[in-house]
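Summary of the model geometry
In case you want the letters, here they are:
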Amino acid sequence: MAESVNVYEALNWASSFLSDRSDARQIAMRLLQYETGWSQATLMAEMRSPLLESAWQSFQANIQEVASGRPVQHITGEESFFGRTFHVNEHVLIPRPETEELVQGVIERVQAMGAKRPLDMVDIGTGSGVIAITLALELSQCNVTGTDLSQSALHVAKHNARQLDATVSFRQGDLLTPIKESGHFVDVVVSNPPYIPFAERDDLAVHVKDHEPNQALFAEEDGLRCYRQLAEGLPELLNRTGFIALEIGDGQGKQVQSLFQKAFPDRTVNIENDLNGRERMVFVEPLSQ
Ligand code: GLN
């Protein structure tokens, strides 16, 4: 019988199997944790412990899947966001760390508003629900709604809200349609819409372009279609004291800013960078008094 493989050897094998990925070691660690059920700290302490033959076999198969382009999050079924674990699958965008910065921006602004009544907040294109659920949990004074065109995405979002004990109303529909139907003004609009131009499809990694929902990634009009529609419809739906927070792609700042400045001439429209120094957010806010 073959010698058993220890944790350390399994990690090294996987790192060289995935040598074209800069995140090879993190992926290997994640999949070993998934296989063993150990925390990262335990895994580090158990570097010389043998793996069960069944765990080694399954780990190898999973690493091969990742090498062929399958996102590691589709194997483990989860991704963390803002310190919580969310279920993800092929029907939703896998949350990115940059989106945590958008959520942080919303939290800070809501706290600064010091509202005397519960604010009505909507996350447009909620996907797995990470934005809506995080905001509902962090800002208990807000009524949060999440909308999405995709029923399958809403199914995932509802599951996540239940698991995390968050109170969020979910509505199905395209962009602003569910808000228009509700007949209510909103105080805060957050969205991470699809914004990648179709022309950039070939530049994306296989694990993104072939495994994440195209509907959540790509948009017409050079990636600007959703922003244009939001800028068109939101002036009739946003309360005077409210604000809009949008995720954008690098290089889209000026165009998105100009769309919203035209739609909201008496507000400030600011572009903010993410921690990597890339244009990532646009905030449309009342002029400070
Ligand atoms: N940030 C994502 C990516 O680069 C795109 C998300 C989006 O289009 N909203 O893959």
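What counts and what doesn't
Residues numbered from 1 in each chain as written. Predicted model: local features only at pLDDT ≥ 70, side-chain atom pairs only at ≥ 80, totals over all residues. Heavy atoms only, no water. UniProt positions renumbered as here; feature names shortened; annotations may be inferred. Near = heavy atom within 4 Å. Polar contact = N/O pair within 3.5 Å; in protein donor to acceptor, adjacent residues only side chain to side chain. Areas by Shrake-Rupley, 256 points an atom, 1.4 Å probe, with all protein chains shown as cover. Pairing = 2+ DSSP bridges. Helix = DSSP H or I, 4+ residues; strand = E, 2+ residues; numbered from the N terminus. Right-handed = clockwise from strand over helix to strand, strands pointing away. Phe/Tyr/Trp six-rings, centres within 6.5 Å; stacked < 30°, edge-to-face > 60°. Buried < 20%, exposed > 50% of the residue type's maximum accessible area, 1.4 Å probe, protein only. Lys NZ or Arg CZ within 6 Å of the ring centre and 35° of its normal.

With an unreviewed UniProt entry as reference, the chain is termed Release factor glutamine methyltransferase, source organism Texcoconibacillus texcoconensis. Comment text from UniProt for the chain, heading Catalytic activity (unreviewed entry), reads "L-glutaminyl-[peptide chain release factor] + S-adenosyl-L-methionine = N(5)-methyl-L-glutaminyl-[peptide chain release factor] + S-adenosyl-L-homocysteine + H(+)". UniProt lists a comment for the chain under the heading Function (unreviewed entry), and it reads "Methylates the class 1 translation termination release factors RF1/PrfA and RF2/PrfB on the glutamine residue of the universally conserved GGQ motif."

What follows deals with the site of the ligand. Every residue near the ligand is listed here: Leu 93, Arg 96, Asn 192, Pro 193, Pro 194, Tyr 195, Ile 196, Ala 216, Leu 217 and Glu 247. At a separation of 3.0 Å, a nitrogen atom of the ligand approaches a polar side-chain atom of Tyr 195. Leu 217 is positioned such that a nitrogen or oxygen atom in its backbone is 3.2 Å from an oxygen atom of the ligand. Notes on the ligand: free accessible area 300 Å², of which the protein chains cover 85%.

Bridging between strand S4 (residues 142–148) and strand S5 (residues 168–172) involves five bridges; their strand directions are parallel. Following the sheet pairing, Val 144 is matched in S5 by Val 168. Taken together, S4, helix H8 (residues 151–163) and S5 form a β-α-β motif whose crossover is right-handed.

This model, assessed by the stated rule, comprises eight aromatic pairs. Taking the centre distance of 5.4 Å and the plane angle of 80° together, the rings of Trp 13 and Trp 56 count as edge-to-face. Highlighted residues: Trp 13 in helix H1 (residues 7–17) and Trp 56 in helix H4 (residues 53–67), separated in sequence by 43 residues. The partly exposed category is assigned to Trp 13, whose relative accessible area is 23%. Residue classification places Trp 56 among the buried positions, given a relative accessible area of 12%. Judged by centre distance (6.3 Å) and plane angle (80°), the ring pair of Phe 81 and Phe 86 falls under edge-to-face. Across this residue pair, the class does not change: Phe 81 and Phe 86 are buried. Three or more aromatic residues link up through ring pairs in this structure, and these residues are Trp 13, Phe 17, Trp 56 and Phe 59. One cation-aromatic arrangement involves Arg 48 over Tyr 8; the distance from NZ or CZ to the ring centre is 5.7 Å. Sitting over the face of the ring of Phe 283, Arg 109 holds its NZ or CZ atom 3.5 Å from the ring centroid.

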